[in-house]
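The residues making up each chain are set out below.
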Amino acid sequence: MVFHHLDDHVEDEGRSTAAEAVTCDHAGVDAIASVLALTDPERADTLRRFLIEAAAAGDYLTARDRQPARAAMAIRTLTDPHRSPIGAELADLSATDQLDALVARGIPILLGMAADAERHRDLWILEDQHLRASEGAFERGDVRVVEHPIDHLSVVTLAPHVAIEPPEGLTADYLVRSGSGHGGHWPTTPADGGLHPMVFNRASRGTRQLLVRDRHYRYVDRPESWFQYPGRVATRVDLRPIALDLNFLEGSEVWSATPPSIPVAGLATTEPSTLDLDTVLNLIVRQLRTAPVAWSPEADTGPSIGAPPSGWTRG
């Protein structure tokens, strides 16, 4: 969006006009790259592809090349309150001053990594190790992807023994708490085997994913559909009614679902399910095909689904 804006505001000499003042509301790699592009458009234009891919790696956890992926990892470390090298410096600052400091520190990190992927190794190495271990599961054939293109759905089945532990120094929830980007990454669940979500996003085509591992399930609406990213995104429906259906079939509270209005929305088991994949998949696909659109960036129009009344059963 920023580069499109700059392309539309070119001076007679063929140069984009730099902004006199820029604001942003978070310290994600997309925001930091945007501030760089608006304040130094000539330099940023030479790095256009790198900056766009780094922003995608930050917000959508997908990247074709390792260099922008590592840049996003470095910014995640910078903004993680538990891992940031400037955490102590930020502790006594106001929220606004913290944001200023993170953006000011983040710009030279992006510039450095655009020149040399090995720069700032201390900031990206742990997450890169997690990603490499996750890639190994695919290389060994422990993960299988079946595409359902009509429904924009990728069904990803993991072998029961797949279980990746993040490297020492990372906790399982580090992607959730980093604060970079939209902050909508779901906590890890047994269905994903601890794999880095970037491996699923690179290996699958659908912006809807159903992860399956050893009777654990997790359906995810990827953040592209929250932003309604143009070109390849399915609409969102409310999956909370399906959680009620599935729990009725289970005979207990096994499934939980989030509202469609959060960046990474979905449906997941909290303990092993008694249901087979065909049953789960049929119910989800039926909802995807028949339910009304439940989310747009302008307004959350989805119904509020609460607990059923006492004695109530699904028809």
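Residues numbered from 1 in each chain as written. Predicted model: local features only at pLDDT ≥ 70, side-chain atom pairs only at ≥ 80, totals over all residues. Heavy atoms only, no water.

J.: What is the right way to look at the nonpolar core in this model?
T.: Generally speaking, a soluble globular protein has its nonpolar side chains buried in company with each other. Counting 54 residues, the largest nonpolar core has L51, L110 and L195 as the members making the most contacts within it. Residue assignment for this core shows that the elements contributing at least two residues are α1 (2-7), α2 (29-39), α4 (48-59), α5 (66-79), α7 (95-115), α8 (121-139), β2 (153-158) and α10 (197-203). Tallying contributions element by element places α7 first for this core, with 10 residues. Non-local contacts of L195, meaning those with residues more than four positions away in its chain, are made with H130, S134, A137, F138, V143, L158, V162, I164 and F200. Core analysis: the next-biggest nonpolar cluster, separate from the first, contains 22 residues, V155, L210, Y217 and L283 among them. (Core = buried A, V, L, I, M, F, W, Y, C linked by side-chain atoms within 4.5 Å. Buried < 20%, exposed > 50% of the residue type's maximum accessible area, 1.4 Å probe, protein only. Helix = DSSP H or I, 4+ residues; strand = E, 2+ residues; numbered from the N terminus. Contact = heavy atoms within 4.5 Å.)

J.: Where do I start with the packing of α2 against α4 in this structure?
T.: Each packed pair of helices is defined by two parameters, the angle between the axes and the distance between the axes. Viewed as axis vectors pointing N to C, α2 and α4 meet at an angle of 155 degrees, and their least axial separation amounts to 8 Å. The angle between α2 and α4 falls in the class roughly antiparallel. Side by side, α2 and α4 meet where V29, D30, A33 and L36 of the first sit next to L51, A54, A55, G58 and D59 of the second. Grouping the amino acids of the contact of α2 with α4 by side-chain chemistry returns six nonpolar, one polar and two charged. (Axes fitted to C-alpha atoms, helices over the stretch in contact; angles between N-to-C directions. Parallel < 35°, antiparallel > 145°, perpendicular 65-115°, else oblique. Nonpolar A, V, L, I, M, F, W, Y, C, P; charged D, E, K, R; others polar.)

J.: Can you help me understand the side chain of T269 in this one?
T.: The residue T269 is located in strand β6 (residues 265-269) in this model. Here T269 is in contact with H216, Y217, V254 and W255, once residues within four sequence places are set aside.

J.: Please clarify how the pattern of salt bridges should be interpreted in this entry.
T.: When their charged atoms lie close together, side chains carrying opposite charge are able to pair. Counted according to the given criterion, the structure contains 21 salt bridges. Here R105 and E89 are joined by a salt bridge, their closest N and O atoms 3.4 Å apart. Of this pair, R105 sits in helix α7 while E89 sits in helix α6 (residues 87-90), placing them 16 residues apart in sequence. The closest approach of N and O atoms between R140 and D142, which form a salt bridge, is 3.4 Å. On the basis of relative accessible area, D142 is assigned to the buried category, the value being 14%. Linked through salt bridges whose partners overlap, the residues forming this network are R66, R70, E118, R121, D128, R132, E135 and R202. (Salt bridge = Lys/Arg side-chain N within 4 Å of Asp/Glu carboxyl O.)

J.: Is there a simple way to think about the side chain of R213 in this case?
T.: Summarising the element assignment, R213 is placed in strand β3 (residues 208-213). D214 provides the closest opposite charge to the buried, unpaired R213, separated from it by 5.7 Å. Those residues in contact with R213 that lie beyond four places of it in its chain are L158, A159, P160, V162, A163, P190, A191 and G193. (Lys, Arg positive; Asp, Glu negative; His and termini not counted.)

J.: Which parts of the structure should I look at to understand α5?
T.: Given 3.6 residues to a turn, an α-helix orients residues that are three or four positions apart in the same direction. Over its 14 residues, α5 runs 20 Å from end to end, which matches the ideal 20 Å to within 8%, given 1.5 Å per residue. The element α5 is extensively covered by neighbouring structure, given that 13 of its 14 residues are classed as buried. (Expected span 1.5 Å × (residues − 1).)

J.: Just checking my understanding: could you explain the packing of α5 against α8 for this structure?
T.: At a closest axis distance of 8 Å, the pairing of α5 and α8 adopts a crossing angle of 125 degrees. As summarised for this structure, α5 and α8 are arranged oblique, according to the angle between their axes. Like other packed secondary-structure pairs, α5 and α8 cross with a definite hand, here right-handed. Counting all contacts with α5, which are made through R66, R70, M73, A74, R76 and T77, the residues of α8 involved are L123, W124, E127, D128, L131, R132 and E135. For the contact of α5 with α8, the per-class residue count stands at five nonpolar, one polar and seven charged. (Left-handed = near helix turned anticlockwise from the far one by under 90°.)

J.: In this structure, what is going on with the packing of aromatic side chains? I would like to understand it.
T.: Both the distance between ring centres and the angle between the ring planes are used here to describe each pair of aromatic rings. The final tally for this structure, using the stated rule, is five aromatic pairs. Aromatic side chains Y217 and W255 sit 5.5 Å apart centroid to centroid with 25 degrees between the ring planes, which places their arrangement in the stacked category. Residue Y217 is found in strand β4 (residues 216-221), and its partner W255 is found in strand β5 (residues 255-257); the two are separated by 38 residues along the sequence. Residue W255 is classed as buried on the basis of its relative accessible area, which comes to 5%. (Phe/Tyr/Trp six-rings, centres within 6.5 Å; stacked < 30°, edge-to-face > 60°.)

J.: So what exactly am I meant to see when it comes to the sheet that holds β6 here?
T.: To summarise the sheet geometry, strands pair through backbone hydrogen bonds and adopt either a parallel or an antiparallel arrangement. Taken together, the six strands give an open sheet; going across it, the order is β1-β2-β3-β4-β6-β5, and neighbouring strands pair in mixed fashion. Unpaired on one side and paired on the other, β1 (143-148) and β5 mark the two borders of the sheet. Each adjacent strand pair in this sheet contributes to an overall mean axis angle of 10 degrees, direction not counted. Relative to β6, β5 is paired through three bridges, and the arrangement is antiparallel. The partner of W255 across the bridge, within β6, is T269. This element, helix α12 (residues 240-250), spans β5 and β6 of the sheet and lies at about 175 degrees to β5. (Pairing = 2+ DSSP bridges.)

J.: For this particular structure, what's the right way to read α2?
T.: Among the 11 residues that make up α2, nine are buried, leaving the element largely enclosed by the rest of the structure. Where α2 is concerned, the buried positions are V29, D30, A31, I32, A33, V35, L36, A37 and L38. The secondary structure elements touched by the buried residues of α2 are α1, α3 (41-46), α4, α5 and α7.

J.: Would you mind showing me how to read the environment of E165 here?
T.: The residue E165 is located in the loop between β2 and α9 (174-177) in this model. Through-space distance from the C-alpha of E165 to that of A133 is 8.8 Å; in sequence the pair is 32 residues apart.

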